[in-house]
Amino acid sequence: MNTSQATQCGKKIDHILTQQIHQVSSYIQYLSDIKTAISNNSTQQLNELLEKQQLNPELIEKTQQLQIDTLTEYGYELSDEGLNNCIKACNDASHLKNQKKILTEKLKELEKSLLINALIVEKNQHRVKQSIRLLSGHDLANNASSYSRQGNIESNEDTKRSLAQA
């Protein structure tokens, strides 16, 4: 790759990495806002966030396709190693390495946010199901520990009660 190509490639990769960092950061912020709304039981805020739905997977796919096209255009593998080799060949390699490092950190943060939000949703679904069972009068003996009136776990079926009934 000659100097002119290295400069053009560097500019394209920098633009792509900057876009990806912005897109991933937006996802992280959106998930954080949803987590906060759920944690605060703010139905109104949650509804507003879900109506806005700031996430646009097609935009991220387009940016990823730009990265693929750029790597292909300059003859690099379509892999992380190919991207690293492309960055090394560019004029402003240290800046691009830093951009890639930031993107990698943001992607790890996004993965963690997705996991946390999934756990929150799962926990709330379990609570709702438990509440529905209690309100509908279904026996929770299979799903909850049994306690006596004194708070001890009892093995006698006649004295067993769910925590909500104790």
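It should be emphasised that the depicted structure is a prediction, and the values quoted were computed from it without experimental measurement.

Trainee: Residues and numbers for the packing of helix H4 (residues 80-89) against helix H5 (residues 93-135), please.
Mentor: Contact geometry for H4 and H5: axes closest at 8 Å, N-to-C directions at 150 degrees. Between H4 and H5, the interaxial angle falls into the category roughly antiparallel. Residues Asp-80, Leu-83, Asn-84, Ile-87 and Lys-88 of H4 touch H5, and the partners they reach there are Ala-93, Leu-96, Lys-97 and Lys-100. By residue class, the composition of the contact of H4 with H5 is 4 nonpolar, 1 polar and 4 charged.

Trainee: Tell me about the pattern of salt bridges, and name the residues and values.
Mentor: For the coordinates displayed, the defined rule picks out 2 salt bridges. With a shortest N-O distance of 2.9 Å, Asp-80 and Lys-100 are connected by a salt bridge. Here Asp-80, found in helix H4, pairs with Lys-100, found in helix H5; they are 20 residues apart in sequence, far enough to count as distant.

Trainee: Summarise unusual backbone geometry; cite the residues concerned and give the values.
Mentor: Even without glycine at this site, Asn-41 takes up a positive phi of about 55 degrees. Note that Asn-41 resides in the loop between helix H1 (3-39) and helix H2 (43-52). Here Asn-41 falls in the exposed class, since its relative accessible area comes to 67%.

Trainee: Tell me what's going on with the packing of H1 against H4, and back it up with residues and numbers.
Mentor: The contact between H1 and H4 brings their axes to 9 Å, and the two run at 130 degrees. Between H1 and H4, the angle falls in the class oblique. In terms of crossing hand, the pair formed by H1 and H4 is left-handed. Contacts from Ala-6, Cys-9, Ile-13 and Leu-17 in H1 reach Leu-83, Cys-86, Ile-87 and Ala-89 in H4.

Basis of the calculations
Residues numbered from 1 in each chain as written. Predicted model: local features only at pLDDT ≥ 70, side-chain atom pairs only at ≥ 80, totals over all residues. Heavy atoms only, no water. Axes fitted to C-alpha atoms, helices over the stretch in contact; angles between N-to-C directions. Helix = DSSP H or I, 4+ residues; strand = E, 2+ residues; numbered from the N terminus. Parallel < 35°, antiparallel > 145°, perpendicular 65-115°, else oblique. Contact = heavy atoms within 4.5 Å. Nonpolar A, V, L, I, M, F, W, Y, C, P; charged D, E, K, R; others polar. Salt bridge = Lys/Arg side-chain N within 4 Å of Asp/Glu carboxyl O. Buried < 20%, exposed > 50% of the residue type's maximum accessible area, 1.4 Å probe, protein only. Left-handed = near helix turned anticlockwise from the far one by under 90°.

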